[in-house]
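# Inside the fold
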Amino acid sequence: FTYSDVENAESFGLAEKVPEEVKTERRDRLMAVQKKISASKLRHLAGERCVALLEGPSKETELVWEARLETMAPEIDGKIIITELESTEFGEQPRPGDLVTVEITETHDYDLVGRVVGVVSPRRTPEATETLSPLRQVATGAPLRILA
């Protein structure tokens, strides 16, 4: 985002303001550098297996699902686009909120593409559901709390 003047900022009282076109040009230069940094960092994940939070079907298309690594902030950072879901050894399909193992098959500037190759959270039997750790299965859309 570009700088925006807010009343409680020190710069609010300055007489001379930076023109919008200069703000936009500065943002674009910064984002070009950031794009290269992001692409370089993500490129190292190609072929790796990572634990990710499975969020569910993409808002853009139901043909793919989305997930994110613990380092990916929702609506700020990129995401993992899931193109393939494998059933667990018990025939169970991964569900939104599961922690899953994802094999990264492609990297892009900000996003990753991968396939789910396993579920980290326990199998959902009535007994297992009662003993789930709060960090093994979490609901998306709420702040994550770590309970000690």
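Further up the page is the structure itself.
These lines cover the structure that appears in this document, whether it is placed above or below. (Residues numbered from 1 in each chain as written. Predicted model: local features only at pLDDT ≥ 70, side-chain atom pairs only at ≥ 80, totals over all residues. Heavy atoms only, no water.)

On to the environment of Thr24. In this fold, Thr24 is placed in helix H1 (residues 20-43). Along the backbone, Thr24 and Thr2 are 22 residues apart, and their C-alpha atoms lie at a distance of 6.3 Å. (Helix = DSSP H or I, 4+ residues; strand = E, 2+ residues; numbered from the N terminus.)

A few words now on H1. Between the first and last C-alpha of H1 there are 34 Å, a value that for 24 residues agrees with the 34 Å anticipated at 1.5 Å per step. Those residues of H1 that sit buried are Lys23, Ser38, Ala39 and Leu42. For H1, the secondary structure elements touched by its buried residues are strand S4 (99-107) and strand S5 (112-119). (Expected span 1.5 Å × (residues − 1). Buried < 20%, exposed > 50% of the residue type's maximum accessible area, 1.4 Å probe, protein only. Contact = heavy atoms within 4.5 Å.)

Despite not being glycine, Glu75 has its phi angle at roughly 65°, a positive value. Tracing the chain through its elements places Glu75 in the loop between strand S2 (65-68) and strand S3 (80-85). Residue classification places Glu75 among the exposed residues on the basis of a relative accessible area of 81%.

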